Amino acid sequence: MTAKSSRPLRILLAKLGLDTHTVGITVVAHALREAGMEVIFAGLKQTPEMVVSAAIQEDVDVIGISSLSAGHTRSLPRLARLLREQGGADKLLIVGGVIPEEDQPLLEAAGVARIFTMGTDTREIARYLNDWWLARLARAEPATRTEPSAPPRQ
Ligand code: B12
């Protein structure tokens, strides 16, 4: 087992700008902790720059943004671009909250991997992240293949 696989998934949760809806992000933070993940809560009133800087310093695997007060069509593409520019392209970016359907293609094209809207069961979020983490670990440490040994010479 490598150091990476011996630790839980680490996720940074944050809210951008003046959005003060805190219930969803709090519920998600609790659920992911319950599911065994390491949750870092960056808090409210973050800028894309602050989130990217914290994500890199804390070496998180996933960034989760909660957005219920619009603004996500500007802030999230900016955050995704900064993340790529600052060497964080391997980090998963997800978002949850009030995200109108018509905004979703733009966010996905910008680099948001998955959008969880109102009413999502938190177990679905935990399952998605667990599956992603296991797939990442599997890619990081391909199983050591044991080639069948040649039959002994007579
Ligand atoms: C409670 C509430 C408030 C409270 C917030 C209290 C608090 N401390 O959180 C108060 C009264 C303060 C408030 C204020 C405002 N609100 Co308000 N509010 C709501 C309301 C009724 C419920 C939100 C909520 O708590 N839901 C419960 C939680 C559990 O659900 P959730 O946040 O959606 O989270 C779930 C998912 O979205 C997802 N999720 C959320 N975040 C994340 C993050 C990650 C990483 C992941 C994976 C998943 C995820 O998982 C969660 C579990 O399923 C919604 C209406 C609604 N039905 O959503 C309006 C709503 C969000 N509010 C709205 C508005 C307009 C406002 C105000 C602008 C009103 C005003 N004119 O002042 C202000 C803005 C304040 C601000 N600066 O942000 C609008 C937003 C419209 C939009 N975005 O287009 C809504 C949708 C109401 C409406 N139908 O118009 N609000």
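Residues numbered from 1 in each chain as written. Predicted model: local features only at pLDDT ≥ 70, side-chain atom pairs only at ≥ 80, totals over all residues. Heavy atoms only, no water.

### Here we look at the layout of surface pockets
In this model, the largest pocket occupies a volume close to 370 Å³. When residues of the lining of the largest pocket are traced back to their parent elements, those giving at least two are strand E1 (10–16), helix H1 (23–34), strand E3 (62–67), strand E4 (92–97), strand E5 (114–117) and helix H5 (122–140). Of the residues forming the lining of the largest pocket, the biggest block, 6 residues, is contributed by H1. (1 Å grid on protein atoms, 1.4 Å probe; cavity = no way out; pocket = protein on both sides within 12 Å on 5 of 7 lines; lining within 4 Å. Points joined across faces, edges and corners; volume = space filled by probe spheres on them. Helix = DSSP H or I, 4+ residues; strand = E, 2+ residues; numbered from the N terminus.)

### Here we look at the pairing of E4
With respect to burial, E4 is a largely interior element, 6 of its 6 residues being buried. The alternating pattern of E4 places Leu92, Ile94 and Gly96 and Leu93, Val95 and Gly97 on opposite faces, both of which are buried. Pairing between E3 and E4: 6 bridges, direction parallel. Pairing of Ile65 across the sheet is with Val95, part of E4. Following the chain from E3 across helix H3 (residues 72–85) to the adjacent parallel E4, one finds a crossover that is right-handed. Strand direction decides the pairing type here: E4 and E5, joined by 4 bridges, are parallel. Residue pairing in the sheet places Ile94 in a bridge with Arg114 of E5. (Buried < 20%, exposed > 50% of the residue type's maximum accessible area, 1.4 Å probe, protein only. Pairing = 2+ DSSP bridges. Right-handed = clockwise from strand over helix to strand, strands pointing away.)

### Examining the pattern of salt bridges
Pairs can form between side chains of opposite charge whenever their charged atoms are close. Tallying each qualifying case throughout the model produces 9 salt bridges. A salt bridge links Arg136 to Asp90, with the nearest nitrogen and oxygen atoms 4.0 Å apart. Here Arg136, found in helix H5, pairs with Asp90, found in the loop between H3 and E4; they are 46 residues apart in sequence, far enough to count as distant. The exposure class assigned to Asp90 is partly exposed, which follows from its relative accessible area of 39%. (Salt bridge = Lys/Arg side-chain N within 4 Å of Asp/Glu carboxyl O.)

### Quick notes on the site of the ligand
Neighbouring the ligand are 25 residues, the closest being Leu18, Thr20, His21, Thr22 and Thr120. His21 places a polar side-chain atom, nitrogen or oxygen, 2.8 Å from a nitrogen atom of the ligand. Contributing elements (two or more residues each) for the shell around the ligand: H1, E3, E4 and E5. Along the lines of polarity and charge, the residues of the shell around the ligand split into 12 nonpolar, 12 polar and 1 charged. (Near = heavy atom within 4 Å. Polar contact = N/O pair within 3.5 Å; in protein donor to acceptor, adjacent residues only side chain to side chain. Nonpolar A, V, L, I, M, F, W, Y, C, P; charged D, E, K, R; others polar.)

### Focus on the sheet that holds E1
The 5 strands are arranged E2-E1-E3-E4-E5 in an open sheet whose pairing can be described as parallel. Looking at which strands have only one partner, the edges of the open sheet turn out to be strand E2 (38–46) and E5. The mean angle between the axes of side-by-side strands here comes to 20°, regardless of whether they run parallel or antiparallel. The sheet contacts of H1 involve E1, E2 and E3, and relative to E1 the element is tilted by about 175°. Contacting E1, E2 and E3, helix H2 (residues 48–57) runs over the sheet at an angle of about 170° to E1. (Axes fitted to C-alpha atoms, helices over the stretch in contact; angles between N-to-C directions. Contact = heavy atoms within 4.5 Å.)

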